[in-house]
Amino acid sequence: MKTRLVLTTALLSATALPAFSEGVLNIYNFGLYTPPDLIEKFEKTYDVKVTVTEYDSNETAIAKIEAGGHGFDIVVPSASVVPIYIEKGLLLKSDPNTMENFKNVAPEWASVAWDPDRSYTVPWVWGTTGIMVNKDVYAGDINTSAIFLDPPEELKGKINVVPSMNDVIDLAIMYVGGQPCTTDKEVLKAARDKLVAAKPHWASIDYASFEKFINEDLQASVFWSGASIRIRAENSGFTYGFPKEGFLKWQDNVAILADAQNVDNARLFLNFIMDPENAALISNYTGYGNGISGSEAFMTADLLAAPEMTIPADFASVARFQETCPPETQELYSRIWTDLTK
Amino acid sequence: MATDVETLAIRADTRRRWALALPAVTIIGLFSILPLGVVVVYSFLTPGDYGNVKWVFSLDGWFQVLFERDIFDDTVSLSDAHLTILGRSVALSLATTLITLILGVPTAWFIATRPAGQRAFWLFLITIPFWTNLLVRTIAVQEMIRNEGIFNRLFQWLGLIDDPIPMMFTNFAILLGMAYVFLPLMVLPVYAAIERFDFRLAEAGYDLYASRVYCLRKVVLPQVKAGIIAGSILVFVPSLGAYVTPRIMGGGKTMMLGNLIETQFGQGRNWPLGAALSLALTALVLVALVWYTRLTTKERRNG
């Protein structure tokens, strides 16, 4: 009797599902990047059921979206790939600039090179790619890419490098004195040689889980500023460094997909995250700045005080905003990467 | 007349057989041959600028499987990167097969020699790992070999070592993970072969004054050889294309073929090369299978 009851309830709830289909939203975002409390608040406010699916890199996301049949409504591309999304016609021109909360977007993020009128995207978060080191293990200067390219003795065999091809090669090119996306083969060769020579000293090339640092299985990494904040909260030994040879600044953006099924809910979401209080939820969770004016008032004191959040004045001049490299350069990057990871 | 009737009957029979086979043929055609055809076509196209392909014929994908133009001076040479990865994949797969063989055959022997009523229980124990997702199991193995993991803690507690042995992200770690994951695939076919073995033959061998080793070599092994070969193929083939285990256990620092293929479809943005590499891997597997069929059919002819 009990079994039958359970079965009936299961059937009932199964048949009841389509009734909710009006109120759903499918978000496709990087891993560990979507605050649960933000989603909960959105679901309660608009009575919409949100599903979050995660990916590990921009390339994975583009490949899956281009293949079609994915069912996602919202994606979070980095600034460097937004032009590719637009060129391939993958994004809906949803005109966020006409939305109620667009007035909150900070002036420096309101008109940007990759989406001049913000007619496709709204800011998610911005951050930097630098170096994170456990100062208990290595006390020297950590504001340098030498940490992973000419590693000090103490860190050898304990270094991770994120398998984010463009980040790693860009940092190496700047270390040998070039500019990201360069076509100068001498510079590229020097960067390749530097990377290949340094690789034996690395422990892994991995999107390593935060636990590996918290447990000190790994003691240093090429990493993103927000990840550093989150790890530092659990293991205060770690510190974030801004490489003086040059480091990367980037922004990730929220956009509606051209083949989205739930466009109205997606628009609600775009407008929702431009609200300062909600944008602060994103920052508090991810550890990155968000580009919405007035959100500081809702950020935690820890986050506001975090050194990762403010690029020191001495290093501001070597911050490079990450761009899309032309296909020819991209091919060279890809071959350097295969050479490195073989 | 009689022959005509016979021909008709045979024709009807053939038609019926085809009709019965149709569902299976359709499924194989739709889900196996057609996708493979797509892969073949893509391997002859030109990579698109940011992933995907341009519909322009090109042999570059296949050329790049084995050769490379130097990034900096355009000279053509054998692709060192791809050959290294290929060599590593084959070597690690062979090593995995060997380890599972060494651990799996005695295990299978142990189970097959239990009383009939108990065997099901032991087999059941072998299949338990299949209940858990591969990813979870792989991460669990990694948890054990961490610097602060069970093994290092235990060795330190026993006073065998002072400092933890770094085992994470090494070839040893990849091997350990793969051997663990693929071990049941070796045990099951070997068990099936040993279970069919008539132990009276071994007794007869002893009666004829065969030593234990001689009996194993000349009486037991020939009978269970097919099971051992089947197990080896079942381990070797998926090892070649293994993706998750090398990625997690190896820390992404050393690629195997599966990882190289994935890179081409992701960050490498070279789908034709990825497709050509997949087909090259398929060809490699085919060679292993043909070799297996040769071995076993020769066996039957001799037997």
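Residues numbered from 1 in each chain as written. Chains lettered and ligands numbered in written order. Predicted model: local features only at pLDDT ≥ 70, side-chain atom pairs only at ≥ 80, totals over all residues. Heavy atoms only, no water.

**Looking at the packing of aromatic side chains**
Across all of its chains, the model carries 35 aromatic pairs over all chains by this definition. The interplanar angle of 45° and the centroid separation of 5.3 Å between the aromatic rings of Phe213 of chain A and Phe223 of chain A together place this pair among those described as tilted. Note that Phe213 of chain A is positioned in helix α9 (residues 210-214) and Phe223 of chain A in strand β7 (residues 220-224), a separation of 10 residues in sequence. Judged on exposure class, the residue Phe213 of chain A and its partner Phe223 of chain A are both buried. Ring pairing ties together the aromatic residues Tyr28, Phe30, Tyr33, Tyr55, Phe72, Trp124, Trp250 and Tyr288 of chain A, which thus form one cluster. Arg230 of chain A extends its terminal NZ or CZ atom over the ring of Tyr285 of chain A, reaching a point 4.6 Å from the ring centre. One Lys or Arg, Arg114 of chain B, reaches over the ring of Phe110 of chain B and ends 4.0 Å from the middle of that ring. (Phe/Tyr/Trp six-rings, centres within 6.5 Å; stacked < 30°, edge-to-face > 60°. Helix = DSSP H or I, 4+ residues; strand = E, 2+ residues; numbered from the N terminus. Buried < 20%, exposed > 50% of the residue type's maximum accessible area, 1.4 Å probe, protein only. Lys NZ or Arg CZ within 6 Å of the ring centre and 35° of its normal.)

**Digging into the interface of chain B and chain A**
At the interface, 35 residues of chain B touch 40 residues of chain A. Carbon and sulfur atoms make up 53% of the surface buried where chain B meets chain A, a total of about 3200 Å² over both sides. For the chain B face of the interface with chain A, the top three residues by lost area are Tyr50, Phe72 and Gln267 of chain B, together amounting to 27%. Joining chain B to chain A, the criterion identifies two salt bridges. Where Arg146 of chain B meets Asp217 of chain A, a salt bridge forms, and the shortest distance between an N and an O atom there is 2.7 Å. The interface formed by chain B and chain A includes five residue pairs in polar contact (both at pLDDT 80 or more). Of all elements in the fold, only α3 (80-112) and α11 (257-265) of chain B reach the threshold of two or more residues within the side of chain B that touches chain A. Of the residues assigned to the side of chain B that touches chain A, the class counts are 11 nonpolar, 14 polar and 10 charged. (Contact = heavy atoms within 4.5 Å. Buried area = accessible area lost by both parts, 1.4 Å probe. Salt bridge = Lys/Arg side-chain N within 4 Å of Asp/Glu carboxyl O. Polar contact = N/O pair within 3.5 Å; in protein donor to acceptor, adjacent residues only side chain to side chain. Nonpolar A, V, L, I, M, F, W, Y, C, P; charged D, E, K, R; others polar.)

**Things to note about the domain arrangement of chain B**
According to the domain assignment, chain B contains domain 1 (1-40) and domain 2 (79-302). Centre-to-centre separation of domain 1 of chain B and domain 2 of chain B, based on C-alpha positions: 37 Å. (Domains from an automatic or database assignment.)

**Re the packing of helix α8 (residues 199-207) of chain B against helix α9 (residues 212-240) of chain B**
Residues and elements named next belong to chain B. At a minimum axis separation of 10 Å, α8 and α9 run at an interaxial angle of 150°. On the basis of their axis angle, the class for α8 and α9 is roughly antiparallel. Considering how the two elements wind past one another, α8 and α9 form a crossing that is right-handed. Residue-level inspection shows Leu201, Ala202 and Tyr206 of α8 in contact with α9, the latter providing Arg212, Cys215, Val219 and Gln223. (Axes fitted to C-alpha atoms, helices over the stretch in contact; angles between N-to-C directions. Parallel < 35°, antiparallel > 145°, perpendicular 65-115°, else oblique. Left-handed = near helix turned anticlockwise from the far one by under 90°.)

**So, the state of the cysteines**
Residue and element names in this part refer to chain A. Scanning the entire structure with this criterion turns up one disulfide over all chains. Here Cys181 connects covalently by a disulfide to Cys325, the sulfurs 1.9 Å from one another. The chirality of the disulfide connecting Cys181 with Cys325 is left-handed, given an S-S dihedral of about -85°. Here the residue Cys181 occupies a position in the loop between α7 (165-175) and α8 (185-198), and Cys325 occupies one in the loop between β10 (319-321) and α14 (327-341), the gap between them amounting to 144 residues. A residue is classified by how much of its surface remains accessible, and Cys325, at 2% relative accessible area, is buried. (Disulfide = S-S within 2.5 Å.)

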